[in-house]
Amino acid sequence: MTDCIFCKMVKREINPDVVFENDEVLAFRDIHPKAPVHVLVIPKRHIETLDELDDQTLAGELLLSARRVAGQLGLSKGYRVAINCKSAGGQEVYHLHLHILGGRQLTWPPG
Ligand code: AMP
Ligand code: ZN
């Protein structure tokens, strides 16, 4: 996907503020943070939405990477992992990503 902003980050055509990376996933700080800690975890290969995720190993890698990043960033009091799926779910970037939010008291339900 040449015109996908997150694919460009994987290829370092755009340089994100990376907090974690391995062969399968990349985690970087959100450019418009909604909490003191706001990190996105993405698969390195282009998958548009959660509905297109069919690789169980990658699904696990994404979730465990989110937990690892939360630990690395000191969110021992708690945090939220969220996936916005398609328009009604509030998804704006169509490359699958997990939001990690923390560093303040989060409310429920989200808007
Ligand atoms: P979503 O609404 O779930 O698709 O979330 C997309 C997220 O990507 C938003 O929180 C944006 O602030 C974030 N975002 C968009 N462009 C960039 C960028 N260049 N670097 C970091 N985060 C970005
Ligand atoms: Zn992409």
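Each value, and the rule that gives it
Residues numbered from 1 in each chain as written. Chains lettered and ligands numbered in written order. Predicted model: local features only at pLDDT ≥ 70, side-chain atom pairs only at ≥ 80, totals over all residues. Heavy atoms only, no water. Helix = DSSP H or I, 4+ residues; strand = E, 2+ residues; numbered from the N terminus. Buried < 20%, exposed > 50% of the residue type's maximum accessible area, 1.4 Å probe, protein only. Contact = heavy atoms within 4.5 Å. Areas by Shrake-Rupley, 256 points an atom, 1.4 Å probe, with all protein chains shown as cover. Pairing = 2+ DSSP bridges.

Visitor: What exactly am I supposed to notice about the overall build of the protein chain here?
Guide: Helix and strand counts for the protein chain stand at 2 helices and 5 strands. Projected onto the principal axes, the alpha-carbon positions of the protein chain cover approximately 35 × 30 × 30 Å. Looking at the protein chain as a whole, 37% of its 111 residues qualify as buried. Once local pairs closer than 6 in sequence are excluded, the contacts in the protein chain between residues at least 24 apart make up 53%. Split by element, the accessible area of the protein chain, about 6800 Å² in all, is 51% carbon and sulfur.

Visitor: Just to check I follow, could you spell out the pairing of strand E2 (residues 25-29) for this structure?
Guide: Looking along a regular strand, one sees side chains alternate from face to face of the sheet. Among the 5 residues of E2, 4 are classified as buried, and the element is accordingly described as predominantly covered. Pairing of strand E1 (residues 18-21) with E2 involves 3 bridges; the strand directions are antiparallel. Bridge pairing links Glu-21 to Leu-26 in E2. Hairpin connection of E1 to E2: 3 residues between the antiparallel strands. Looking at chain direction, E2 and strand E3 (residues 37-43) are connected through 5 bridges and run antiparallel.

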